[in-house]
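Coordinate inspection notes
The residues making up each chain are set out below.
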Amino acid sequence: MAQYSPRQCLATPGASDFGFPFAPYAIQEQLMQELFSVLERRQVGIFESPTGTGKSLTLTCGALTWLRQHEELVRSELLQRIVEVEKKLDRLQAASAQEEDWISAQSESREQQVELQQLNHLCSLLDKREQQLVVIRERTKERKKHQKFRTRPKPEEEQQVDNEHPSDADTDSDSDHELGDGPEEQSEDRYRPVQIFFCSRTHSQLAQIVAELRKTPHGAWVRCVSLGSRQQLCINPQVRKLRNVGLINERCLDMARSKAPANPSKKSRLAAGSAASLSRCPFKAPAKVESLRDVALCEPLDIEELAVEGTACGGCSYYASRSAQDDAQLVLLPYQLLLQRSARQQLGIDLRGSVVIVDEAHNLLDSIAQLHGSELTRSQLELAREQVSGYKLQYARRLSTRNLLSINQLLFVLRRLLKLLEPKAGATSVRMLRTYELSSEGDFDNIDLHALLEFCGRTRFAQKVQGHATRAQREPRPSENQPPGSSRQTLLQHLVTQHKTLGKQPHGKRKLAETHAEAEEELQMEKKSSGSDQVAPSPIRPLLAFIETLTSNAADGRVLLNPQAGMVKYLLLDPAEHFADILSEARAIVIAGGTMQPTQELKEQLFARCPERLVERFYSHVVPPDAVLPFVVAKGPTGASLCFSYAQRGTPAMLKELSMVLQNLCNVLPGGVVCFLPSYEYLDTVHTHLEQSGGLQNIARKKRIFRESSGAADQLLQQYAEAIAVPKGGALLLAVVGGKLSEGLNFADDLGRAVLVVGLPYPNRNAPELQQRMRYLDERLGSGAGNEYYENICMKAVNQCIGRSVRHIRDYACVFLLDERYASARIREKLPEWIARHIFEPNGVAFGAVQARTARFFKNR
């Protein structure tokens, strides 16, 4: 695929030229202009714009404005270059007749001819692409005209598709290219424009970008496509009900490869629940997928809307979005689809010359490490050994010698891993090994793991083993007491029928009564069991993922071996290697978030190879300075110093001080108050103390009290909001740092008039994984890097909690940091800039002054 890079540079536009739907604030103007400059200069930008400042919308408008102007420049400069080269070629040809050194003249003329040929080729590819897009738009308009007069199908009909051309479903190739298990390579020569890949942590955040995009002028012209997994996009009811993402993927691929004709009738859909009778998926008919792809390219749709469109037209939303990806200008996708090379290859994502924007990137390093880590339990290994052994036993005579050898090698690795997980008396419970040390101890260091993985990928071994295991589970082999060729269910049915036949005979009634009751009950249970789709997720894919980590650079990670817990886990220590190809291929990279500081760790681990490309910008909040009042509360109401370290926070003295702080502040704080505590265990301790000391009753006179649990938070938030909404209402919400309420939620206006952070939530320093990571950073970046990482984990969590309040320009709130350690200059400089510079008496003040200043703050509002 070809791409043209302009020689001219774009000038940074004025604030009014970005298509922002509202009058932008000063920091939004600055962010859009800085972003434009980063994209034009092929740089790497790290941007911090506080939560509630319209960061995602600002990034979208800035990036799309650059893309529009870049595309216009490519077209105009390409035509201009063709004219210039043609004129130069004419002059050279005219002059060559009079030149004495005609060889040099011919050589220069030849160079110009080659350049002209390349430019004309690029221009023709660009014209062809634009013509194809015009056809897609016209085709979509025609389809919409016809659909205007159609009524929406009933729910039962929505699961069916037009079957007038059954051959459509059979025209797909069985190649990996069609099924999404290998990189999509374009056989034809096409023009490849610059694309923007915008990724965020969740689909709900991406859906919000689509909603904001529609408010801008860019929504009318940009081709925006949302990518997701089959779990989000599949519309086949027989596949969706499997729930587990691994099973959904395997069933989809099974149906895509099935030779049975697609038949969406109700009877065949029920039959399709059996793995042995899968029909080809009717929703993957090329005509339907193409129709849905055209719709996706002509109007911005989020994941849910794309799935609804797929249900309406009967086309597969997953394959339609993949098909549309090549022609999209803006591609929205979650972290895992961008940050994993295997996912990019399967989806055919080509980052060369593209723009990559990573939003909500405060935990980017942790996300990369998590996506490239791998964990196996003893139960998974045992199940994998059982399934692989069963598959080998079933097909041993049909397997080639080479394939049988690979399966035996896989079984050997499984047995050795299980051997390593056997608890041994007197042995160290937890060990940290390098990858080659694990292979050596497991005695499988002589096995070529690369070749083993290649075999599993080439033969689709994981899918075949899972299919065999599913059939074995649903159709168990006859036992010795069963008639040959009869299943258990058939035998039970036979007993019931026999009873009905012989039960009329006097001598048979008593004898068969008990048998009938048992057989009838077991038959119903068997039918219920065989009809369910509660199949265990395949352990083969996690096994192969773990084996793949053992082939990585030994210096990049470690293997945690814990026989007592029955677990072996690969930890990625160096995320740079997995981000390096993104960094080298992308034209420009933007890393953005509401709380990016501290950024030193990010720069050292991901961008140490290109410091010259790096640009950092930190913006203030849109709210005026007097809308936020942050405190460092170093002393409690009794004058005692507050230190909520792990050793001291559970003491009676600290619990008493915290109880008094909560009671006094709730007396002067209006609306909702959110108090973040270091852990669920400490939350329970604090709640129990409040109950026993009477503090709970005192607070309840002013505010209803709610506490976060480790389960779902939707109902809790609803009740919390209702308690605040009533006249003179108020509520205190006890939450946990790092819990569901500390990230991604909006406590705007009265929902969060105050945020309290109790202590510094440092993680457990004795955790083996944390110790290994800190040791690795000390070795690689120098002494002290591990401690810096340890402290940064804590401060990023604190900053996320702080960012839950003050969500728009008219919002206001107080922030209370309850611990004397917050008075340290080292800690304060890691707080968000808009908080750090407004802290009231940063060295700590008497609690009475804090309470009085808080009361005045809200009285003035």
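Residues numbered from 1 in each chain as written. Predicted model: local features only at pLDDT ≥ 70, side-chain atom pairs only at ≥ 80, totals over all residues. Heavy atoms only, no water.

On to the packing of aromatic side chains, then. Under the definition given, this model contains 15 aromatic pairs. Measuring from centroid to centroid gives 5.0 Å for Y318 and Y319, while their planes differ by 80 degrees, and the two rings are edge-to-face. By the burial criterion, Y318 is buried, and Y319 matches it. Each ring, one from F631 and one from F816, has its centre 5.2 Å from the other, and the planes form 5 degrees; the classification is stacked. You can see F631 sitting in strand β12 (residues 628-633) and its partner F816 sitting in strand β17 (residues 813-818), a full 185 residues away along the chain. Take F631 and F816: they sit in the same class, and that class is buried. By the ring-pair criterion, three or more aromatic residues cluster together here, those being Y391, Y395, F455 and F461. The ring of W221 carries R68 above its face, with NZ or CZ at 4.5 Å from the centroid. Looking at R753, its charged tip hangs above the ring of Y812, at a distance of 3.8 Å from the centre. (Phe/Tyr/Trp six-rings, centres within 6.5 Å; stacked < 30°, edge-to-face > 60°. Buried < 20%, exposed > 50% of the residue type's maximum accessible area, 1.4 Å probe, protein only. Helix = DSSP H or I, 4+ residues; strand = E, 2+ residues; numbered from the N terminus. Lys NZ or Arg CZ within 6 Å of the ring centre and 35° of its normal.)

What follows deals with the sheet that holds strand β16 (residues 754-758). Here we have 6 strands laid out as an open sheet, ordered β12-β17-β16-β13-β15-β14, and parallel in their pairing. Whereas interior strands pair on both sides, the edge strands pair on one side only; in this sheet they are β12 and β14 (704-707). If you compare each strand with its neighbour and ignore which way they point, the axes differ by 15 degrees on average. In this structure, β14 lies alongside strand β15 (residues 730-736), joined through 4 bridges in parallel fashion. Looking at β15, one finds that R707 is bridged to L734. Taken strand by strand, helix α28 (residues 680-693) contacts β13 (671-677), β14, β15 and β16, and its axis lies near 140 degrees from that of β15. Contacts from helix α35 (residues 847-860) reach β12 and β17, with the element oriented near 170 degrees to β12. (Pairing = 2+ DSSP bridges. Axes fitted to C-alpha atoms, helices over the stretch in contact; angles between N-to-C directions. Contact = heavy atoms within 4.5 Å.)

If you walk through the whole model with that rule in mind, you get 0 disulfides. C252 supplies the cysteine sulfur nearest to C234, a cysteine that is in no disulfide, at a spacing of 6.2 Å. Unpaired in this structure, C252 has its nearest cysteine sulfur neighbour in C316, at a distance of 6.1 Å. With a relative accessible area of 13%, C252 lands in the buried category. (Disulfide = S-S within 2.5 Å.)

Tracing the backbone shows L751 in the loop between β15 and β16. What makes L751 partly exposed here is its relative accessible area of 27%. Separated by 29 residues in the primary sequence, L751 and E722 have C-alpha atoms spaced 9.9 Å apart. Setting aside anything within four residues of it in sequence, one finds L751 in contact with G672, V674, Y720, A721, I724 and N746.

This part is about the confidence of the model for the chain. The predicted model of the chain has a mean per-residue pLDDT of 84, with 84% of residues at 70 or higher. Within the chain, strand β5 (residues 355-358) carries the highest mean pLDDT (97), whereas helix α4 (residues 155-158) carries the lowest (34). Below pLDDT 50 for its whole length, residues 149-187 participates in 68 contacts with residues either more than four positions away or in separate chains. Low pLDDT, under 50, characterises residues 479-489; the predicted model gives this stretch 14 contacts beyond four residues in sequence or across chains. (pLDDT = per-residue confidence, 0-100.)

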